[in-house]
Amino acid sequence: MKAVFKKVIYDEIDIDFQKIYDLIVQKTGKDDFNALYDEFADNAKDYISETQPIESLFNDYGLMVSFRDNEDTINFIIDCYYVFLRDKFGI
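The rules behind these values
- Residues numbered from 1 in each chain as written.
- Predicted model: local features only at pLDDT ≥ 70, side-chain atom pairs only at ≥ 80, totals over all residues.
- Heavy atoms only, no water.
- Core = buried A, V, L, I, M, F, W, Y, C linked by side-chain atoms within 4.5 Å.
- Buried < 20%, exposed > 50% of the residue type's maximum accessible area, 1.4 Å probe, protein only.
- Helix = DSSP H or I, 4+ residues; strand = E, 2+ residues; numbered from the N terminus.
- Axes fitted to C-alpha atoms, helices over the stretch in contact; angles between N-to-C directions.
- Parallel < 35°, antiparallel > 145°, perpendicular 65-115°, else oblique.
- Contact = heavy atoms within 4.5 Å.
- Nonpolar A, V, L, I, M, F, W, Y, C, P; charged D, E, K, R; others polar.
- Polar contact = N/O pair within 3.5 Å; in protein donor to acceptor, adjacent residues only side chain to side chain.

Caption draft 1: Quick peek at the nonpolar core. Judged by nonpolar contacts, the single largest core of 17 residues is most densely connected at Ile-20, Ile-24, Phe-40, Tyr-81 and Leu-85. Residue assignment for this core shows that the elements contributing at least two residues are helix H1 (17-28), helix H2 (33-42), helix H3 (44-51) and helix H4 (71-89). Among the elements that line this core, the one with the most residues is H4, at six residues.

Printed below as a string of structure tokens:
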């Protein structure tokens, strides 16, 4: 009998919040703390994909690791972006 097991590989990337911040300001023209946070929180996956070196998240077949499988990580990044903005705005 053959059994199929799921193989999970973890990879780490550095998140550049300044790059995300710059892209949001460029795309939206917003420079308000709450507007910047809300924009990122609502579209985090898109901004991460556009600004971060995520090539390592692709497998040998060119398929990207699903963001759906990494919701906890996405939520953690959103929380850290809040801290980044708080520090940037001196709040």
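Caption draft 2: Region of interest: the packing of H2 against H3. The geometry of H2 relative to H3 is characterised by a closest axis approach of 5 Å and an angle of 90° between their N-to-C directions. Classified by the angle between their axes, H2 and H3 sit roughly perpendicular to one another. Contacts between H2 and H3 pair Glu-39, Phe-40, Ala-41 and Asp-42 from the former with Ala-44, Tyr-47 and Ile-48 from the latter. When grouped by side-chain class, the residues that make up the contact of H2 with H3 number five nonpolar, no polar and two charged.

Caption draft 3: Representation of the side chain of Glu-39 in the model. Turning to its location among the elements, Glu-39 is positioned in helix H2. For Glu-39, the side chain forms a polar contact with the side chain of Tyr-47, separated by 2.7 Å. Discounting residues that sit within four places of it in the chain, Glu-39 has contacts with Ile-24, Thr-28, Lys-30 and Tyr-47.

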